[in-house]
Every structure is written in C-alpha cells, then in structure tokens.
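Coordinate inspection notes
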Amino acid sequence: MLQRQTDEKQKPILVLGGNGKTGKRVAERLLSMGIPVRIGSRHSEQPFSWEDKSTWQKVLEGIAAVYIVYSPDLAVPSAAEDISKFTKLALQNNVKRLVLLSGRGEEGAVKSENELKNSDAHWTILRSSWFNQNFSEAFLIDQIREGVIALPVGKVTEPFIDVDDLAEVAVKVLTEDGHIGKLYELTGPRLMTFQEATNDISAVIQRNISYIKLTHQQFEKALCEAGTPAHTIELLMELFTSVLDGRNSFLGDGVQQVLGREPRDFKEYVQKTVKTGVWGE
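The residue count restarts for each chain, going from 1 along the sequence in the order it is written. With the structure being a predicted model, the display of local features is reserved for residues of pLDDT at least 70 and the display and counting of side-chain atom pairs for 80 or more, all residues being used for whole-chain, interface and lining totals. Only hydrogens and water are set aside when side-chain values are computed; all heavy atoms of the structure are taken into account.

A word on the overall build of the chain
Helix and strand content of the chain: twelve helices and eight strands. Restricting the calculation to C-alpha atoms gives the radius of gyration, and the globule rule supplies 2.2 Å times the number of residues raised to the power 0.38. In terms of overall dimensions, the chain is globule-like: its C-alpha atoms have a radius of gyration of 19 Å, near the 19 Å expected for 281 residues. Reported as C-alpha extents along the three principal axes, the dimensions of the chain are approximately 55 × 40 × 35 Å. We call a residue buried when its accessible area falls under 20% of the maximum for its residue type, exposed when it is over 50%, and partly exposed in between, using a 1.4 Å probe and counting protein chains only. When the 281 residues of the chain are sorted by exposure, 51% land in the buried category. The long-range fraction of contacts in the chain, counting pairs at least 24 apart against all pairs at least 6 apart in sequence, stands at 77%. Accessible surface for the chain amounts to roughly 13200 Å². Of this, 49% is attributable to carbon and sulfur atoms. Under the scheme used here, helices are H or I runs from DSSP no shorter than 4 residues and strands are E runs no shorter than 2 residues, and both carry numbers assigned from the N terminus. By the convention used here, residues are in contact when the closest approach between their heavy atoms is within 4.5 Å. Exposure was quantified through the Shrake-Rupley algorithm and a 1.4 Å probe, taking into account, for residues, occlusion by the shown protein chains and nothing else.

Quick notes on the sheet that holds strand E1 (residues 13-16)
Strand order across the open sheet formed by six strands is E2-E1-E3-E4-E5-E7, with parallel pairing between neighbours. Edge positions in the sheet fall to strand E2 (37-40) and strand E7 (182-186), since each has one partner strand and no second. The sheet shows a mean angle of 15 degrees between the axes of neighbouring strands, direction not considered. Relative to strand E5 (residues 122-128), strand E4 (residues 97-103) is paired through seven bridges, and the arrangement is parallel. Each residue of the ladder has a partner; that of arginine 97, found in E5, is histidine 122. For helices, the fitted line uses only the C-alpha atoms of the stretch in contact; every axis is such a line through C-alpha atoms, and the angle between N-to-C directions lies from 0 to 180 degrees. Helix H5 (residues 107-117) rests against E4, E5 and E7 of the sheet, and its axis sits at about 165 degrees to E5. When DSSP finds at least two bridges between two strands, those strands are taken to pair.

Here we look at helix H12 (residues 266-274)
When we look at burial in H12, the residues that qualify are Phe266, Tyr269, Val270 and Thr273. Summarising the axial view, the buried residues of H12 lie within an arc of 100 degrees, below the 170-degree limit, and thus occupy one face. Looking at the packing, one finds that the buried side of H12 touches helix H8 (194-205). Polar contact criterion, stated in full: a pair of N or O atoms within 3.5 Å, where within protein one must be able to donate a hydrogen and the other to accept it, and residues adjacent in sequence count only if both atoms are side-chain atoms. Looking at where H12 begins, the residue whose side-chain oxygen comes 2.9 Å from the main-chain nitrogen of lysine 267 is aspartate 265. The arc under discussion is defined with respect to the helix axis, by the directions toward the C-beta atoms.

Side note on the packing of helix H9 (residues 216-225) against helix H10 (residues 230-243)
Across the interface, H9 lies against H10 with an axial gap of 11 Å and an inter-helix angle of 155 degrees. Of the possible angle classes, the one that applies to H9 and H10 is roughly antiparallel. As H9 runs across H10, the sense of the crossing is right-handed. Contacts between H9 and H10 pair His216, Phe219, Glu220, Leu223 and Cys224 from the former with Ile233, Leu236, Met237, Phe240 and Thr241 from the latter. Every angle not falling under 35 degrees, over 145, or within 65 to 115 is termed oblique; those three ranges are roughly parallel, roughly antiparallel and roughly perpendicular. Handedness of each helix crossing follows the sense of rotation of the near helix against the far helix: counterclockwise by less than a right angle gives left-handed, clockwise gives right-handed.

Let's talk about the pattern of salt bridges
For this analysis, a salt bridge means a side-chain nitrogen from Lys or Arg found within 4 Å of a carboxyl oxygen belonging to Asp or Glu. In this structure the tally under the stated criterion is 21 salt bridges. A salt bridge links arginine 42 to glutamate 51; the nearest nitrogen and oxygen atoms lie 2.8 Å apart. Accessibility expressed as a relative area gives 54% for glutamate 51, which makes it exposed. Between arginine 104 and glutamate 185 there is a salt bridge whose closest N-O contact spans 2.6 Å. Of this pair, arginine 104 sits in the loop between E4 and H5 while glutamate 185 is found in strand E7, placing the two residues 81 residues apart along the sequence. Like arginine 104, the residue glutamate 185 is buried in the burial classification.

Considering the environment of histidine 216
Structurally, histidine 216 can be placed in helix H9. Spatially, the C-alpha atom of histidine 216 lies 7.6 Å from that of methionine 237, the residues being 21 residues apart in sequence. Leave out the neighbours within four places in its chain, and histidine 216 touches Pro152, Met237, Phe240 and Thr241.

A closer look at the packing of aromatic side chains
A pair of aromatic rings is counted whenever rings of Phe, Tyr or Trp (Trp by its six-membered ring) have centres within 6.5 Å, and the orientation is called stacked for planes under 30 degrees apart, edge-to-face for over 60 and tilted otherwise. For the structure on display, the rule yields 17 aromatic pairs. With 6.0 Å between their ring centres and 80 degrees between their planes, phenylalanine 48 and phenylalanine 86 make a pair best called edge-to-face. With a gap of 38 residues between them, phenylalanine 48 in the loop between E2 and helix H3 (56-60) and phenylalanine 86 in helix H4 (residues 79-92) connect regions that are remote in the sequence. Phenylalanine 86 matches phenylalanine 48 in its accessibility class, with the two residues each being buried. On the numbers, 5.2 Å between centres and 85 degrees between planes, the contact of tryptophan 130 with phenylalanine 194 is edge-to-face. With tryptophan 130 in the loop between E5 and helix H6 (140-146) and phenylalanine 194 in helix H8, this residue pair connects regions lying 64 residues apart in the sequence. On the basis of relative accessible area, phenylalanine 194 is assigned to the buried category, the value being 0%. Here the aromatic cluster, defined as three or more aromatic residues joined through ring pairs, consists of Trp130, Phe135, Phe160, Phe194, Phe219, Phe240, Phe266, Tyr269 and Trp279. Sitting over the ring of phenylalanine 250, arginine 104 keeps its end group 4.1 Å from the ring centre. Counted as over-ring charges are cases with an Arg CZ or a Lys NZ within 6 Å of the ring centre that also lie within 35 degrees of the ring normal.

Honestly, that's just the spatial picture; any functional story needs more than this.
The structure is reproduced here in structure tokens:
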C-alpha cells in the first residue's frame, strides 16, 4: 500500500536514467500507480547530465524523492564526488528521500554508497548483481544473434537478477515506509556461470549458441576492433577483470525482504524474452 504523505503525493519522483534498463521500468510502474514522474536524462523535457552540473538544480525543484542511477557506472573515478555533490544539492532543495542503484563488488560503488550514508539524506541502497537483461538489452544481443557469446569469464558464478524484480523493489522503497537506512543485496535465486546462462538461452530458442572464454587481452582486442570508445573499454575491462572474479558468487535476499517473494529465475526471463523476437529466429 502506498504510504507517501498527502502533501508529497502531488510532487513527482525524479528518475535519473529514466530511459535506461531500470529507470524506464521504475518510471512506468510509478506512473501506473498515479504517481507523477520526472525523467532525468539528456533528452528529457528537463535535460539532466552527470557531466553538466548546471542541469542538476532544475530537475530537483519540487521533487519528492529521487531514484539515482549513475552513468556510465559507479566504478568510474568521478562517481563518488558526483554523488556527494548531487546529494548535497538535493538536500538543499529539501529532497531527502534518495534511492541509489549500486553495483555488487565494485569498490568505486562502495565509495558512492558511503557518500550517501554519511549524509543527512533518507537513503536506501539497492546493491544489484548482473542484470538478466544484459543478454537482451545490451551488447550481448548481437553475440546471441551471431551464435557465439565470447567473454573473459570462465567458471565464475553470478546470481543474475531480473531487472523487473529490481524495478519492483525500487518502486516499493521509493513509495513505502520502512526502508530508510537500509542496504538491500539484490540477486536472482541461483548462481550460474555464463556458460550455463548461454545453455539456457540456447535451449529455449532451439538454436546452438556457443560460449567461448576469452583471455582479457583477446577481449580488449575485440572491443578495440569493434570500434568501442576508449572510456567504455576501460570500464568493461574493470568490470570483467575485477568484479567478475568470484567475489559475487553468493546469493542475497533483498528481493525477498522487500517484495516478500522469491526473485524470478533466469529461465523465466529467457522464456519471456524469446517471445519478443529480439534474439532473431
């Protein structure tokens, strides 16, 4: 049940990255509940960019709460300082309710989390594992269509999470009481290798998808040959060399705590996604 105070119900919730994987789902759910939403992105009605601090003030005016997604990732060196400055500006605008999407196992992300924790904000942190939707709404789409997933990850397991679960959690903590000062570890229901995830996709689409483990050098070379921007290559190398080293090979219970149910399984995600046709025939 929605528990926002009456005088706050008329104020919109600011969703940063509102056109991204999680943001668009959070915004859609809030709107379906009759809660006004302000999208914070470069191309929204009121533009927002992390690189352009002059855009921050305007999007915060008259806001009840903020769902914070940092782009490109909290692992980048400037993230913690930006989160600190944004939090201070939000508080100056009497916006205290801040929900941060964070990444599991990222040292840079922890620094950003601490900036929020050490502020006077009414904060909640959603520390998430690798998204299921990275296989269907990111660079892995093309690899699946071509029949080969090639990544520098071997037998390391990851508790893949469905973004729809994450969005439901975000909406709950943005609109209901009892979540201030909480950090939720959000994962799926089981640990899987990338090989196992590939096998699940291959079985459902009834087409052979191979998984190849690359060396980090091969992965970097492939990114360069594909014309990937240097800053993106640096970020991906950080994520694949540091974060996917086994440090996240355990389950969290954040979805269960907030939603009172088990998270969606990867196979359920695959069965739903195949019907959209994004992976081709």
